[in-house]
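Examination of the molecular architecture
For reference, the chains in residue letters:
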Amino acid sequence: MDSSTTPGGRSRREATRQKLYEAAVTLIAEQGFSATTVDEIAERAGVAKGTVYYNFASKSVLFEELLRHGVGLLTASLREAAERTARGGGTRVDALDAMIRAGLVFIDRYPAFTQLYVAELWRTNRAWQSTLLVVRQEAVAVVEGVLREGIEHGEFSDEIDVPLTAAALVGMVLVAALDWQAFQPERSLDDVHAALSRLLQGRVSGKG
């Protein structure tokens, strides 16, 4: 990774990589992966072309690491929301609700990345497909953990299909958020969260 052993060197390296991530995701969202060149990524990031290859072996490696980085941020957000709810004495339904909001906040902050991520989930001929499946499962596993805890504590029915329900909840947030941004941008994040929260309360917790 970073050849520098100083904290300042590492932070500069990470700042450069972050610039490259942001440049790549914006360009690829605008014009597609194949049409985006390393020269364009470097120019958008404000760095020399050689800097791209110093940090990433190729454009494909950059994009693979971008997916890993972005989904990692989402996973961390979901996990932190669940843990924060647990520390506050909330129920598992509360934890799922907090995770929905965390997902919406993430998507609102990184809309271009979310569009790319959802699109790439449906492709099967990419070099990074296996990586994408791994990081997707890491995000879904956080939700699965809360569902299993809810079943163990009698909050949820033991008839719940945990893997499918977790994937459905993550998918609901992703698709609903993209629909919100594309077709209902006048709605606030609080409004969208409230709608999904009502759906969660009625379908997962069995209330209503």
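Residues numbered from 1 in each chain as written. Predicted model: local features only at pLDDT ≥ 70, side-chain atom pairs only at ≥ 80, totals over all residues. Heavy atoms only, no water.

Once that is clear, we can look at the overall build of the chain. Within the chain, the secondary structure is distributed over nine helices and zero strands. If you list the helices and strands of the chain from N to C, you get α-α-α-α-α-α-α-α-α. C-alpha atoms of the chain, sized along the principal axes, occupy 60 × 40 × 30 Å. For the chain, with 208 residues in total, the buried portion stands at 40%. Once local pairs closer than 6 in sequence are excluded, the contacts in the chain between residues at least 24 apart make up 63%. Total accessible area on the chain is roughly 11000 Å²; 53% of this is exposed by carbon and sulfur atoms. (Helix = DSSP H or I, 4+ residues; strand = E, 2+ residues; numbered from the N terminus. Buried < 20%, exposed > 50% of the residue type's maximum accessible area, 1.4 Å probe, protein only. Contact = heavy atoms within 4.5 Å. Areas by Shrake-Rupley, 256 points an atom, 1.4 Å probe, with all protein chains shown as cover.)

Next up on the list: the domain arrangement of the chain. Once the domains are mapped, the chain shows domain 1 (8-56) and domain 2 (58-201). The centre of domain 1, based on its C-alpha atoms, is set 26 Å off from the matching centre of domain 2. The interface of domain 1 with domain 2 comprises 16 residues on the first partner and 14 residues on the second. Both sides together, the interface formed by domain 1 and domain 2 hides about 1400 Å², and carbon and sulfur atoms give 78% of it. Taken as a group, Y21, F33 and F56 account for 46% of the area that domain 1 buries against domain 2, more than any other trio of residues on that side. Across the contact surface, domain 1 and domain 2 share zero salt bridges. Run the count over domain 1 and domain 2 and you get four residue pairs in polar contact (both at pLDDT 80 or more). (Domains from an automatic or database assignment. Buried area = accessible area lost by both parts, 1.4 Å probe. Salt bridge = Lys/Arg side-chain N within 4 Å of Asp/Glu carboxyl O. Polar contact = N/O pair within 3.5 Å; in protein donor to acceptor, adjacent residues only side chain to side chain.)

The next subject is the side chain of K59. With respect to the helices, strands and loops of the structure, K59 is situated in helix α4 (residues 59-87). Buried and without a salt bridge, K59 has E40 as its closest oppositely charged side chain, separated by 7.4 Å. Every residue in contact with K59, bar those within four places of it in the chain, is listed here: F33, S34, T36, V38 and I41. (Lys, Arg positive; Asp, Glu negative; His and termini not counted.)

It is worth spelling out the packing of helix α6 (residues 111-121) against helix α7 (residues 129-152) at this point. Interhelical geometry of α6 versus α7 gives an angle of 115 degrees and a closest axis separation of 10 Å. When the axis of α6 is compared with that of α7, the two are roughly perpendicular. The handedness of the crossing between α6 and α7 is left-handed. Where α6 approaches α7, its residues Y117, E120 and L121 are matched on the opposing element by Q129, L132 and R136. In terms of residue class, the contact of α6 with α7 is built from three nonpolar, one polar and two charged. (Axes fitted to C-alpha atoms, helices over the stretch in contact; angles between N-to-C directions. Parallel < 35°, antiparallel > 145°, perpendicular 65-115°, else oblique. Left-handed = near helix turned anticlockwise from the far one by under 90°. Nonpolar A, V, L, I, M, F, W, Y, C, P; charged D, E, K, R; others polar.)

With the rule as written, the count across this model stands at seven aromatic pairs. Measuring from centroid to centroid gives 4.9 Å for F106 and Y110, while their planes differ by 50 degrees, and the two rings are tilted. Classification of F106 by relative accessible area gives buried; the value is 5%. Judged by relative accessible area, Y110 falls into the partly exposed class, the value being 24%. Among the aromatic residues, those joined into a cluster by ring pairs are F106, Y110, F113 and Y117. Positioned over the ring face of F33 is K59, at 4.4 Å from the centre of the ring. (Phe/Tyr/Trp six-rings, centres within 6.5 Å; stacked < 30°, edge-to-face > 60°. Lys NZ or Arg CZ within 6 Å of the ring centre and 35° of its normal.)

Quick look at helix α2 (residues 38-45) now. Taken as a whole, α2 has its buried residues at V38, I41, A42 and A45. Angular distribution of buried residues about the axis of α2 spans 95 degrees; they occupy a single face of the element. G46 lies just past α2 and shows a positive phi near 75 degrees. (Arc of directions from axis to C-beta.)

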